[in-house]
Amino acid sequence: MSRAIREDGPIRALGAMSGTSLDGVDAAVVQTDGSRIFEFGPSGYQGYTPEQREVLRAGLGQWTGDAVDAAAELVIQAHAKALSGFKEVELVGFHGQTLAHDPQRRRTLQVGNGAELAQALNRPVVWDFRSDDVAMGGEGAPLAPFFHFACAKWIGAEAPLCFLNLGGVGNLTYVDPSFDKPEQSGALLAFDTGPANAPINDLVQARLGLPMDKDGAIAAGGEVETGALELFLAEPYFSRMPPKSLDRNDFAEMIGLVAELGDADAVATLTGMCAAGVVQGMEHCPKPPTRVLVTGGGRHNPVLMEMLRVSLDCPVEPVEAVGLDGDMLEAQAFAYLAVRVTRGMPTSCPGTTGVGALVGGGIVSVP
Ligand SMILES: Nc1ncnc2c1ncn2[C@@H]1O[C@H](COP(=O)(O)OP(=O)(O)OP(=O)(O)O)[C@@H](O)[C@H]1O
Ligand SMILES: CC(=O)N[C@H]1[C@@H]2OC[C@@H](O2)[C@@H](O)[C@@H]1O[C@H](C)C(=O)O
């Protein structure tokens, strides 16, 4: 296989994402010219063991030091293993693992050195997607919106719609598909809506030794405590205008708001907080969206989905309703963005990260 990166026509790119919920590596192939999606290819998932998860968790919120180095090494090993089985791939888009994110101080850290991964896979690797945006005053996140724009075109959408990712953190992309290009002013508005699954996972892990509230079973037996919900919504983050982004642990103290509640009420309240952040965020959409397509693990939580449905004025459906794969959308996004980076196309704009000018971030490492 040639290692040269083709400069025009569609490329088969492999994207890889290790998300804030620290569950594992998602990997997926997209055939794209950086503008259009031509085809979705195979995908895979490699879960972290509980011990590996602890190594990553130990590095959260840190910028340097032994815990960061250990996390970085683990991330490269896990990705080399997860990605080596993909054949006929011309390029890899490697997000890495976010350990810390502080755009206000112009800092964001995704570990895993892509140059090492390029050697391990013997393929060109695009990585460090967020640093340039942050250096130019942007939020550095979310970055999936340019891919969401392409997805809206791929499904033939004609009216404004939203993609909602419910991972560890929640993020929303408003897309107006009447525009030709994602970077046109008005085509996209994107931001993190608030914490999503991370606080739920952290609480059930601490109290019950469970990795998640599977299928919302615990929340279903509880009630949302409105006092705690109101305190949560009084956080200044929610009155800030988008674009805006969060670090995974920015809301870690919100578990304290439910500390006095029983397990079911505590989980129901954290689930209600996730939904409330989304509902509040939706008010920023420039035009009423015709539908909300939900991606990420939170779409499997029926309690959370029902909370959104009763509060929003448009249909709320998993992205599978339009033929997309909600477990792989982020990995696919970084495959798509990798091709854009190699072709000098922007990957963020004022509407997606609040950056002042178009940015095409990312480092290209060729083995
Ligand atoms: N069946 C389910 N019921 C309830 N919650 C679920 C279910 N499946 C997944 N989840 C939740 O989704 C989480 C994983 O979501 P996802 O893989 O989208 O996160 P991520 O990609 O790591 O995060 P981010 O998008 O913030 O980077 C799990 O940790 C869990 O909290
Ligand atoms: C700094 C960082 O890694 N942010 C992630 C995180 O996980 C969800 C949300 O917070 C989003 O802003 C972003 O990921 C997605 C893939 C994005 O950049 O679009």
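Residues numbered from 1 in each chain as written. Chains lettered and ligands numbered in written order. Predicted model: local features only at pLDDT ≥ 70, side-chain atom pairs only at ≥ 80, totals over all residues.

The name that an unreviewed UniProt entry assigns to the protein is Anhydro-N-acetylmuramic acid kinase, with the source organism given as Falsiruegeria litorea R37. The record held by UniProt for the protein lists under Catalytic activity (unreviewed entry) the comment "1,6-anhydro-N-acetyl-beta-muramate + ATP + H2O = N-acetyl-D-muramate 6-phosphate + ADP + H(+)". (UniProt positions renumbered as here; feature names shortened; annotations may be inferred.)

Draft legend 1. Spatial organisation of the nonpolar core. In this structure, Ala 13, Leu 14, Ala 16, Ala 335, Leu 337 and Ala 338 are the most contacted members of the largest nonpolar core, which totals 105 residues. Counting the residues that make up this core, at least three belong to each of domain 1 (11-142 + 326-365) and domain 2 (157-322). (Core = buried A, V, L, I, M, F, W, Y, C linked by C-beta atoms within 7 Å. Buried ≥ 20, exposed ≤ 12 C-beta atoms within 10 Å, placed from the backbone. Domains from an automatic or database assignment.)

Draft legend 2. Geometry of the site of ligand 2. As a matter of local geometry, ligand 2 sits amid 17 residues, with Thr 98, Ala 141, Pro 142, Ala 144 and Val 169 nearest to it. For the shell around ligand 2, the secondary-structure elements that each account for two or more residues are β4 (91-102) and β8 (169-175). Broken down by class, the residue content of the shell around ligand 2 amounts to five nonpolar, ten polar and two charged. (Near = placed C-beta within 6 Å. Helix = DSSP H or I, 4+ residues; strand = E, 2+ residues; numbered from the N terminus. Nonpolar A, V, L, I, M, F, W, Y, C, P; charged D, E, K, R; others polar.)

Draft legend 3. A look at the sheet that holds β8. As summarised here, the arrangement of the five strands in space is β9-β8-β7-β10-β11, forming an open sheet in which the pairing is mixed. Each having just a single partner strand, β9 (188-195) and β11 (316-318) make up the two edges of the open sheet. Across the sheet, the axes of successive neighbouring strands diverge by a mean angle of 25 degrees, strand direction being ignored. The sheet strands contacting helix α5 (residues 145-154) are β7 (161-166), β8 and β9, and the helix crosses β8 at an angle near 50 degrees. Packed onto the sheet, helix α9 (residues 263-282) meets β7, β8 and β9 and runs at close to 155 degrees relative to β9. (Pairing = 2+ DSSP bridges. Axes fitted to C-alpha atoms, helices over the stretch in contact; angles between N-to-C directions. Contact = placed C-beta atoms within 7 Å.)

Draft legend 4. Structural view of the site of ligand 1. In the neighbourhood of ligand 1, 22 residues make up the surrounding shell, with Gly 19, Gly 167, Asn 197, Gly 296 and Gly 297 lying closest. Classifying every residue of the shell around ligand 1 by side-chain character gives three nonpolar, 14 polar and five charged. The two domains that each donate at least three residues to the shell around ligand 1 are domain 1 (11-142 + 326-365) and domain 2 (157-322).

Draft legend 5. Region of interest: the environment of Gly 272. On the secondary structure map, Gly 272 appears in helix α9. Taking the C-alpha atoms as reference points, Gly 272 and Glu 223, separated by 49 residues in sequence, lie 9.2 Å from one another. Among all residues touching Gly 272, those that are not within four sequence positions of it are Val 224, Leu 229 and Met 307.

Draft legend 6. Expanded view of the UniProt feature "binding site: ATP" (unreviewed entry) in the protein. The residues that UniProt annotates with the feature "binding site: ATP" (unreviewed entry) are Gly 19, Thr 20, Ser 21, Leu 22, Asp 23, Gly 24, Val 25 and Asp 26. With respect to the helices, strands and loops of the structure, Leu 22 is situated in the loop between β1 (11-18) and β2 (24-32). For Leu 22, a count of 20 C-beta atoms within 10 Å gives the class buried. Among residues more than four places away in sequence, those in contact with Leu 22 are Tyr 48, Arg 53, Leu 56 and Arg 57.

Draft legend 7. Main features of the domain arrangement of the protein. Looking at the protein, the domain boundaries give domain 1 (11-142 + 326-365) and domain 2 (157-322). With 23 residues of domain 1 in contact, the opposing surface of domain 2 contributes 30 residues. Among the residues making up the side of domain 1 that touches domain 2, the classes are represented as nine nonpolar, eleven polar and three charged.

Draft legend 8. Seen up close, the packing of helix α6 (residues 197-208) against α9. Packing of α6 against α9 brings their axes to within 9 Å, and their N-to-C directions diverge by 165 degrees. One finds that α6 runs roughly antiparallel with respect to α9. Seen from above, α6 lies across α9 with right-handed handedness. On α9, the residues touching Pro 199, Ile 200, Leu 203, Val 204, Arg 207 and Leu 208 of α6 are Asp 263, Ala 266, Val 267, Leu 270 and Thr 271. Of the residues that constitute the contact of α6 with α9, the class distribution is eight nonpolar, one polar and two charged. (Parallel < 35°, antiparallel > 145°, perpendicular 65-115°, else oblique. Left-handed = near helix turned anticlockwise from the far one by under 90°.)

Draft legend 9. The arrangement of the pairing of β8 in detail. Within β8, seven of the seven residues are buried, which leaves it mostly tucked inside the rest of the structure. Side-chain alternation along β8 places Val 169, Asn 171, Thr 173 and Val 175 on one buried face and Gly 170, Leu 172 and Tyr 174 on a second face that is also buried. Relative to β8, β7 is paired through six bridges, and the arrangement is antiparallel. Across the sheet, the residue bridging to Leu 161 is Val 175, located in β8. Counted along the chain from β7 to the antiparallel partner β8, the turn is two residues long. Pairing analysis gives seven bridges linking β8 to β9, with the strands arranged antiparallel.

Draft legend 10. Representation of the pairing of β4. The element β4 is largely enclosed, with a buried count of ten among its twelve residues. Bridge analysis of β1 against β4 gives five bridges, and the strand direction is parallel. Following the sheet pairing, Gly 15 is matched in β4 by Gly 93. The pairing of β4 with strand β6 (residues 125-127) spans two bridges and is classified as parallel. Each bridged residue has a counterpart across the sheet, and for Gly 93 the counterpart in β6 is Val 126. As paired strands, β4 and strand β5 (residues 107-111) are joined by five bridges and run antiparallel to one another. Across the sheet, residue Thr 98 finds its bridge partner in β5, namely Gln 110.

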